[in-house]
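Given next are the chains, with one letter for each unit.
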Amino acid sequence: MRRLPLTPVTASHRSAPSIHKHGSSMASNISGSSSSSDRQRVAQHRLRVIAGHLQRSAESDSVIQAAECKASVSESVAADSETRTVPRRRQEIMKWNGWGYSDSRFLFNKKGQAEFTGKRYRLSGLIIPGLKDWFEGTFGANLQHKSPATPILNSNATHPPNLNKAFVEELKSTGVPFSHDTEDRVFRAHGHCLHEIFALREGKVGRVPDMVVWPNCHNDVVKIVELATKHDVCLIPYGGGTSVSSALECPPEETRSIVSLDTSQMNRILWIDEKNLTAHMEAGIIGQDLERLLNEIGYCTGHEPDSMEFSSLGGWVATRASGMKKNIYGNIEDLVVHIKMVTPQGVIEKGCVGPRMSTGPDIHHFILGSEGTLGVVTEVTMKIRPMPEYQKYGSVVFPNFEQGVACLREVARQRCAPASIRLMDNEQFKFGHALKPQVSSLFTSFVDGLKKFYITKFKGFDPNHLCVATLLFEGDREKVLQHEKQVYDIAAKFGGLAAGEDNGQRGYMLTFVIAYLRDLGMDYYVIGESFETSVPWDRVLDICRNVKARIIHECKEKGVQFPPLSTCRVTQTYDAGACIYFYFAFNYRGLSDPVHVYEQVEHAAREEILANGGSLSHHHGVGTLRKEWMRETISSVGMGMLKSVKDFVDPKNIFGNRNLL
Amino acid sequence: MTHRFSSSGRPDWNHDEEFVDILEDRRHSSDLGHALRTFNPQPYQGGQPCSAAELTKTVLESQHLCYVAREIALETGSSIEEVTEEARRTLDEMSQNLQLGFIRLMSFTLTKVFKKLFSSIFVNMDTLSTLQQSIQQTPVILMPNHRSYVDFLVISYIMFSYDLPIPVIAAGIPLAGMKMVGEILRRSGAFFIRRAIGSDKLYWAVLSEYVKTIVRKGHAPLEFYVEGLRSRTLKSITPKLGMMHMVLEPYLKGQVFDITLVPVSISYDRVLEESLLSHELLGVPKPKESTTGLLKASSVLQDSYGAMHVNFGHPLSVRELLKGKINRCQYNFVPRDLPQKPSAEVQACVSWLAHVVVGTQEQGSVISPWSLMTCLLLQAPITVLTVEGFPWHQLTEKTLWLKRLVLNYGVRLNWSGQTSDSDVMSSSLTLHRSVVQRKADRVYLVREKNEPRRRPVSEEASVTATAKSVLMLAAYRNQSMHVFVRPALLAVALNITRSTQKNELFAFFCFLQSLFSYEFIFIPGMQFEDFEDACLLLKKCGAIRINSDEVIVSDSGQEILSFHQSLIQPFIDSYQVTFSSLSEQEPDVFTDKQFLPAVRNLATRLLLSGEVHTYEALSSDTQKNSLSALQRLEAVRKLRASENSEYKVDKAAVKHLADRLSGRVPAQALHTPPNSRL
């Protein structure tokens, strides 16, 4: 148990955010925690590491009008730009050919032990003794067999920029910063699909944007879109760059100049309305900043997608994102109150911020999930909530996956799902287990051993079948404890045993470090990816079994020499179904074109998902990767509807990333 | 089609390499010891062991059954409890109660019986071990052909002997009614299905849920006869699709990852029920299954029946077979527990798959020398068989010729290399002395002895007596018909059309296939491949040459062609009898009950007058098949489907078919596009 460490993070955080407070008092229940337990320290540490690199601009506490553009001050803080959360030159803090921060990565040290470098995360600086055995055992990989990445980007790898001179000239006069530096362009030419990262590691770069622009506010975007329309330039909006749907790839057939519109500098919270509990933000703000800034004054949005360290508000809107705690706070479509988007036809927004309207089809739903094909989301008003007083992790071990799913289904039936409830299958449970950092005390390891003995020997759970549900409760302390009891009671009916907070927390950690782990795998001939779907309750077990089996089957058929890792978790629950998340990875030694094999298997897995009643995507989106299935997903008439919207809003296909349709 | 010739003979096929006689061990060790052996099978990994009671409970509590019960209660006005109670009774009547103890008992008894009846039971050990692997990976459906009651438990017997899970077996309900035997079968894993289910909604629901639950749980392989019933002609029967639909549904609805179908070919040198077969075909009704009947029939136990071959086919993955053929998303909208009429696409696919299975059964069967001999005997005029006798040396010579031909075709022929050819044939003849006899180096047909009567037997009775023996011969010939049928249809096409043009021949070939689609197994949509196979085989044995789009009969090819053609001739003649009978039909509406006697009478008349030569025209099986074919070709229309169906005949259409079959209509004029009725 722990209280949320709500005290402002000290670390290197320099200044308060630029917030115009519109409401009255702050939430009252914010208090520092008095407990000095190890866990709390860890939790504080986590927040600190997330916050640690977040350097806010020096404009700080000056009150800024909602509509005011900070372009005017941008010159004055130019020298300060490296201290921004996400600098214009992302490569200064992030990997150009892998996930996340340059200073954070997994590696096997000289002793052959896995460790995680840097200082940002809970795992940072720790030894993970179980990972090597798990890694070698699961994939048949060997630390002797390395497949290192190309260390630096060869600037000759890209074509010279194809600039539209007239556009560039006019753009200059607006004062919006831009660049056609190779690194800047390459950085914005990809998301984080396996094939994209694999190619970068090999130093291969395809078509990249010809230049990058960094608007500072809504008005900058209006100017850029006007100019692009005028000069027939292709715009591709870029938020956090965490796409896993090939949504950022430049269409190879595009002959016009391609401009990447990077929203990262539009990152202010413009105002907070405490009477209505809403906040108005620029769409480029990334998840961790948004949460941290709101936390500082006692609020949160509660929207925590696994990518929240890097993904942006605009990106969430454009892809219909889903957060881990959607059971309490809702998904992005439940959270947004107002959206402003700049299109080639002008700005689209609603005329008021009423909580619900019966005014024909909701225009927000043309914007949500439009994946950058219609315009750029510039500003969003979003619901906010007072920060929860109390937060508690938990976990339940089930004898098998079937029982676990039955339990989750019952929890959903009783509508008593905690903020987050996830059910990992046996393979993923073992995976999570392998990530246990070295325990310092003999006592802990003794207790662990005792737990294991109790579950497997005393309770008779088969270690090769048991699975674990991880839980996160939030709210008033009283209610959380009550809620917790209710959920554990249900779990008990399905043979579930409470397995402690630690297991729960580690489960969530897995989702934050999984992308870093993929980079480690790729150093040793292991490639992998995750994908997701949503499916009615009665099909959950079938789809999990069939898709996992299909992956194994296809790998064998395509000549993969080692059995793949094929694992899933039920990661969200709804009234009428669940969201399922699959991890799939294999050792590609002996294959001449591993990425092609990977793509064939993923394609087959998606076919299997659709044949089993799963959706094309629950929250990753369609991009260009899953376009081929759109027609069967939404019918020809549906395609026509979307097409006609596109034709009206963007007849010249200025927003030419060719996602979705 | 990849599996067309893949499973069948390689030119260097060696019987003894593939097959092991499982009775060999039994003859040298204790039967009791075998019955009490440790039995520890490796079941399907995803499956949990499931008792009969649990199975029943799962079925009764299923959403599907609850839904149907509610629906029926609403329709009939009875309470849901009553309907559920009815369902429970139905289940009690139906369900198996597999018990290892009984399997041991059966094993003990069967060992004794088998050793008495059969010289050997050959089992393909390679495919048996493949089966063992399949059983662990997916739910397995064993699909044997059905030629004898012996089929019924032989597979369970083999499974028990080789440590494989005992299957649950779909059986006809009459067996359940037999004292003792019904219960013994039930405890050996049989479950019982009523014969005419008709539109009994509750029964369908209970049965399909029962079957689907077995498949989904996968705790035991499911065994059923896709042909639906025991073949009286020893020829494959057009598959029945009801059970097939139930079995495949769990895959189509994604409830299992895959289903493995294992066609099993059981081949007998001599079938226990052989004398019953022709009785039934000639209209003597099938005796009701009863225990006393069985005991009476136990006289058959005194006789010997040669060898039996059980060839487990290569496992067929439903997933592989249906790849790209079916869009399973169609099941995404309606809850999967609700009964749903299969779409046309699904029906076509299921039918196709069922045909593939039966085709594979045929491929896997083992041909006996006797079957080859009957092919030749039946081509002789009837007086040769009954009066003059077929010269032994001639039969020997022709059989050896045919042996070379079929080996060239690549079939599994059970022709022992250890004994001389003439010994092989002599012993075959001895085994079948109830049908043929060798006297003074001539072979005669044995006709059932009528009780000594004063007055001479009527002509009709004499025809029936001859027909009985002929149909018995025909049954053994039928065992190898599938080997010849494709080239034979081409031979007929060559003969009737008198054309050399490939496209004309193909059109006629397709016509013959659609006409005989109930007679022989043709996989839907494979006419072209079948035609190509036919060309290839005839070319291989030197009967024809093929120039780009011409088929030319070679000088030496006539003998081979006429042999093939003569194989089909009895069927053509029999169908023509049906056509004539229907053309004479006044008025043009007739019932089920009128049809068979009318055709039989006409056939008898024509046989006596010498206008028809084949006694097979008297076979009710052929007659029924011809009626089905006419319905399919829309020359006959069923007016109402009830116990006593009425049909209306389109005489012009029938005449058209008759003319075309006798070559009186030019092929081009009647070209039906292939696959139009499939």
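These remarks concern the structure in this document.

Basis of the calculations
- Residues numbered from 1 in each chain as written.
- Chains lettered and ligands numbered in written order.
- Predicted model: local features only at pLDDT ≥ 70, side-chain atom pairs only at ≥ 80, totals over all residues.
- Heavy atoms only, no water.
- Helix = DSSP H or I, 4+ residues; strand = E, 2+ residues; numbered from the N terminus.
- Buried < 20%, exposed > 50% of the residue type's maximum accessible area, 1.4 Å probe, protein only.
- Contact = heavy atoms within 4.5 Å.
- Pairing = 2+ DSSP bridges.
- Axes fitted to C-alpha atoms, helices over the stretch in contact; angles between N-to-C directions.
- Phe/Tyr/Trp six-rings, centres within 6.5 Å; stacked < 30°, edge-to-face > 60°.
- Lys NZ or Arg CZ within 6 Å of the ring centre and 35° of its normal.

## Considering the side chain of glutamine 428 of chain A
All names here are of chain A. Within the secondary structure layout, glutamine 428 lies in helix α14 (residues 426-434). We classify glutamine 428 as buried; its relative accessible area is 0%. Excluding residues within four positions of it along the chain, glutamine 428 makes contact with Leu510, Thr567, Cys568, Arg569 and Tyr583.

## Some points on the sheet that holds strand β9 (residues 258-262) of chain A
Residues and elements named next belong to chain A. Spatial strand order, β6-β7-β9-β8: 4 strands in an open sheet with mixed pairing. This sheet does not close on itself; its edge strands, each paired only once, are β6 (178-179) and β8 (234-238). For β6 and strand β7 (residues 211-213), the ladder comprises 2 bridges, and the chain directions are antiparallel. By the bridge assignment, serine 179 is partnered in β7 with valine 212. Contacts between helix α4 (residues 165-174) and the sheet are confined to β6, β7 and β9, with β7 contributing the most and set at about 25° to the helix. Along the sheet, helix α7 (residues 218-231) contacts β7, β8 and β9; its crossing angle with β8, the most-contacted strand, is approximately 150°.

## Points about the packing of aromatic side chains
On inspection of all chains with the given rule, the structure shows 40 aromatic pairs over all chains. An angle of 70° between the planes, with centres 5.7 Å apart, marks the rings of phenylalanine 198 of chain A and tyrosine 588 of chain A as edge-to-face. You can see phenylalanine 198 of chain A sitting in helix α6 (residues 194-201) and its partner tyrosine 588 of chain A sitting in the loop between β23 (577-587) and α19 (594-611), a full 390 residues away along the chain. Across the pair, tyrosine 588 of chain A and phenylalanine 198 of chain A agree in class, each one buried. Taking 5.6 Å as the distance between ring centres and 45° as the angle between the ring planes, the aromatic pair formed by tyrosine 393 of chain A and tyrosine 508 of chain A counts as tilted. With tyrosine 393 of chain A in strand β17 (residues 390-398) and tyrosine 508 of chain A in helix α17 (residues 500-523), the pair connects residues that are 115 residues apart, well separated along the chain. A relative accessible area of 3% places tyrosine 508 of chain A in the buried class. The structure contains a cluster of three or more aromatic residues connected by ring pairs, namely Phe108, Trp134, Phe135, Phe139, Phe431, Tyr524, Tyr581 and Tyr583 of chain A. One cation-aromatic arrangement involves arginine 188 of chain A over tyrosine 238 of chain A; the distance from NZ or CZ to the ring centre is 5.5 Å. Above the face of the phenylalanine 160 of chain B ring, arginine 37 of chain B is positioned so that its terminal group lies 5.7 Å from the ring centre.

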